[in-house]
Every structure is written in C-alpha cells, then in structure tokens.
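Each chain is listed here by its residues.
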Amino acid sequence: MLTRPETESARFAEQAQAAGWRGSVMTAPLLEIVLLPLDVAALTGARTLVFTSQHAVSALILATDARDWVVWAVGPRTAQAARAAGFAVVHQSGGDASALLDDLTHSPPSAPVVHLRGRHAASDIAAALRAQGQDASAVVCYEQVAQPLSAQAMARLRQGGDVVLPVFSPRSGRLLADAIAAIAPLPTRLHLVAISTAAANVATISPLASCHVAARPDARSMCDALATMQQTLEPLGKPR
C-alpha cells in the first residue's frame, strides 16, 4: 500500500515490480503536492540553490528561465530533475537531509545559499548552515497537503491478511500511523518498510507484524528491503 503522492507512488510501484515484487499494489496517497508561486526576488544575489525535492525544481521552472546557479541536490532523483531543467553545475548528495548537510558542511557552497523547500521539512537546512556561519536562507515553494486515507485503503486494511506499508518520510509515516490508529483494531498483519530510522520512529503503528529500515535512503534500498520482506512472507519453498 503506497501512500506517497500519486506520481511518486506510480513510479515506485514500477520500480518495485521491476525489482521482483510479486504482490498486488494499492495506491492511497496521504499527501498531495501543490506548487506555490515562487517570488524570484527572493533569489536575488544567490549563488547556490539547494533542492531537497524535485518539486522545488518544478516550482523554480515555472517562475524563471534563469539557470545560472550552482545546485546542490539531496539525491539522484532531484539531481536528475535539476540537470533536465538545464542547470550546468549540479552536486548530488547521499539521499537525505543529513547527508546533504554533511556535504554542505565539509564543502561549503558559494554564498549566499537559498534552500528551495516544501512547507513541511524533516530538517531546516538553512538554519543549520546559518548556525555554521554560512549565509543561507529558505524559500517555501510547494505545499504537501495531507489527504485522508481512501475508503478502498481502509477496506483493505480491515480485510485481514498481510499488508506492506512503505514509508518514505517522517511526515508520511506520522500521517499513516494516525490514519491507522483511527480505524484500529485491525485483523490485518501490518509490515512497515521505512526509508530511514527517523521515518520508522514516527510511524508508531501498533501492533506491527514486522519492521524493516532501508540500508540507504533511496528507492533501490527500499526495493531491497521489500525483497527481504517478501522472502519472509513467501519463503522460497512455498508453492506459488
């Protein structure tokens, strides 16, 4: 059961199935991405842009044709979006805010730095950089609007059997935990696959039949964790 925004859920479903996922897939977004008007004046004088989501790249594309900033991207998907948008200098970090901040700390970017971000963020990159003495600010350019769990998803959760719940951020984990708590108790065995320890810690779903945390904060590692989960649920010796 994928609770990411619609586009991201569809993309990950394809990745998971290509990696060997044999179960059914249900999409039940708990977040909708809404791009906000970006005031280009907020970027005046900036030399480096920090993107922690491809949605921020999309918001910038709508606001200006300028591409003369150095870019730091949180991971491969966001870096790919920045290059596709026409940025010539794109640095790619390790996939989450912690790795990105480590990179920005050890290789201080040209200042001023502007972090283009969503309204909800797991960490405040600009504030952390300012605490280190760097000239940094943040501009909110998209909103992650919470959505209720669909009737179809609630019906599946009440059906019983096994449901695997991939969680890709602390906020989506919290929303999922709240949605499940509202309809508990459930006869279904729930299995959490989290992209990070932080996401797993806030997805306080009880009871959980099992919990796996991806080795790295990226889609490939999430697919690997799903494969491990699948082997547990469907041992190799089980007839298919």
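Presented here is an overview of the structure given in this document. Here the structure is a predicted model, which means the values were calculated and not measured. (Residues numbered from 1 in each chain as written. Predicted model: local features only at pLDDT ≥ 70, side-chain atom pairs only at ≥ 80, totals over all residues. Heavy atoms only, no water.)

### Re the packing of helix H2 (residues 54–63) against helix H3 (residues 76–85)
Filter applied, for reference: For every element, the axis is a line fit to its C-alpha atoms; helices are fit only across the contacting stretch, and the angle between N-to-C directions ranges from 0 to 180 degrees. Strands are runs of DSSP state E lasting at least two residues, helices are runs of H or I lasting at least four, and both sets are numbered from the N terminus onward. Each angle receives one of four descriptions, namely roughly parallel if under 35 degrees, roughly antiparallel if over 145, roughly perpendicular if within 65 to 115, and oblique otherwise. Handedness of each helix crossing follows the sense of rotation of the near helix against the far helix: counterclockwise by less than a right angle gives left-handed, clockwise gives right-handed. Note on contacts: a residue pair qualifies if any of its non-hydrogen atoms lie within 4.5 Å across the two residues. We call Asp, Glu, Lys and Arg charged. Ala, Val, Leu, Ile, Met, Phe, Trp, Tyr, Cys and Pro are nonpolar, and the rest, Gly among them, are polar.
Two elements in contact, H2 and H3, have axes separated by 8 Å at closest approach and are oriented at 20°. One element, H2, and the other, H3, form an angle in the roughly parallel class. Both H2 and H3 take part in a crossing whose hand is right-handed. Residues Gln54, Val57 and Ile61 of H2 pack against Arg77, Thr78, Ala81, Ala82 and Ala85 of H3. Taken together, the residues that form the contact of H2 with H3 break down as five nonpolar, two polar and one charged.

### Notes on the sheet that holds strand S9 (residues 210–213)
Formally: For two strands to be treated as a pair, DSSP must find at least two bridges joining them.
Overall, parallel pairing links the three strands, which are arranged S7-S8-S9 in an open sheet. Bordering the open sheet on either side are strand S7 (162–167) and S9, each of which pairs with just one other strand. Strand-to-strand twist across the sheet, computed as the mean angle between neighbouring axes with direction ignored, equals 15°. Relative to strand S8 (residues 189–194), S7 runs parallel, the two sharing six bridges. If you follow valine 167 over to S8, its bridge partner there is alanine 194. Each of S7 and S8 touches helix H7 (residues 170–181); the most contacted strand, S7, lies at about 150° to it.

### Some remarks on the packing of aromatic side chains
Where we set the bar: Here a pair means two rings of Phe, Tyr or Trp (six-membered ring of Trp) with centres within 6.5 Å. Their orientation is stacked below 30 degrees between planes, edge-to-face above 60, and tilted elsewhere. Only lysine NZ and arginine CZ atoms are considered, and such an atom sits over a ring when it is within 6 Å of the ring centre and within 35 degrees of the ring normal.
What the rule picks out here adds up to three aromatic pairs. Among the aromatic residues, ring-to-ring pairing joins Phe51, Trp69 and Phe87 into one connected group. The side chain of arginine 4 reaches across the aromatic face of phenylalanine 168, ending 4.0 Å from its centre.

### Here we look at the nonpolar core
Proteins that are soluble and globular tend to have nonpolar side chains buried together. Applied cut-off: Buried Ala, Val, Leu, Ile, Met, Phe, Trp, Tyr and Cys residues that are joined via side-chain atoms within 4.5 Å together make up what is termed a nonpolar core. The rule is simple: take the accessible area with a 1.4 Å probe, protein chains only, and divide by the maximum for that residue type; under 20% is buried, over 50% is exposed, in between is partly exposed.
Counting residues in hydrophobic clusters, the biggest one holds 37 residues, and the most contacted among them are Met1, Phe12, Leu157, Leu165 and Ile205. At the level of elements, helix H1 (6–18), helix H6 (151–157), S7, H7, S8, helix H8 (197–202) and helix H9 (219–233) are the ones that each hand at least two residues to this core. At five residues, the largest contribution of residues to this core is made by H9. Setting aside residues up to four positions removed in sequence, isoleucine 205 forms contacts with Leu165, Leu176, Ala177, Ile180, Leu190 and Leu192. Residues Phe51, Ala56, Val57 and Val90 belong to the second largest nonpolar core, which totals 23 residues.

### Describing the pattern of salt bridges
The line we're drawing: The term salt bridge refers to a pairing of a side-chain nitrogen on Lys or Arg with a carboxyl oxygen on Asp or Glu at a separation within 4 Å.
As enumerated under the stated definition, the model contains three salt bridges in all. Close ionic contact of arginine 119 with glutamate 143 constitutes a salt bridge, the shortest N to O distance being 2.6 Å. Taken together, the residues span a long stretch of sequence, with arginine 119 in the loop between strand S5 (113–118) and helix H5 (125–131) and glutamate 143 in strand S6 (residues 136–146) at a distance of 24 residues. The partly exposed category is assigned to arginine 119, whose relative accessible area is 43%. Measuring nitrogen to oxygen at the nearest pair gives 3.7 Å for the salt bridge that ties aspartate 218 to arginine 216. A relative accessible area of 41% means that arginine 216 is categorised as partly exposed.

### Considering the packing of H1 against H9
Packed helix pairs are characterised by how far apart their axes lie and by the angle those axes make with each other. At their nearest, the axes of H1 and H9 sit 10 Å apart, and the two run at 55° to each other. As summarised for this structure, H1 and H9 are arranged oblique, according to the angle between their axes. As for the relative orientation of H1 and H9, their crossing is right-handed in sense. In this structure, H1 contributes Phe12, Gln15 and Ala16 to the contact, and H9 contributes Ala219, Met222, Cys223 and Leu226.

### Quick notes on H1
Convention followed: Helix span, as expected, comes to 1.5 Å for every residue beyond the first.
Here H1 contains 13 residues, and its C-alpha end-to-end distance of 19 Å stays within 8% of the 18 Å for a straight helix at 1.5 Å per residue. Glycine 20 lies just past H1 and shows a positive phi near 115°.

### Things to note about unusual backbone geometry
For the bond from alanine 111 to proline 112, the omega torsion is 0°, close enough to zero to count as cis. Mapped onto the secondary structure, proline 112 falls in the loop between helix H4 (97–106) and S5. Across the junction of serine 206 and proline 207, the peptide omega takes the value -5°, indicating a cis bond.

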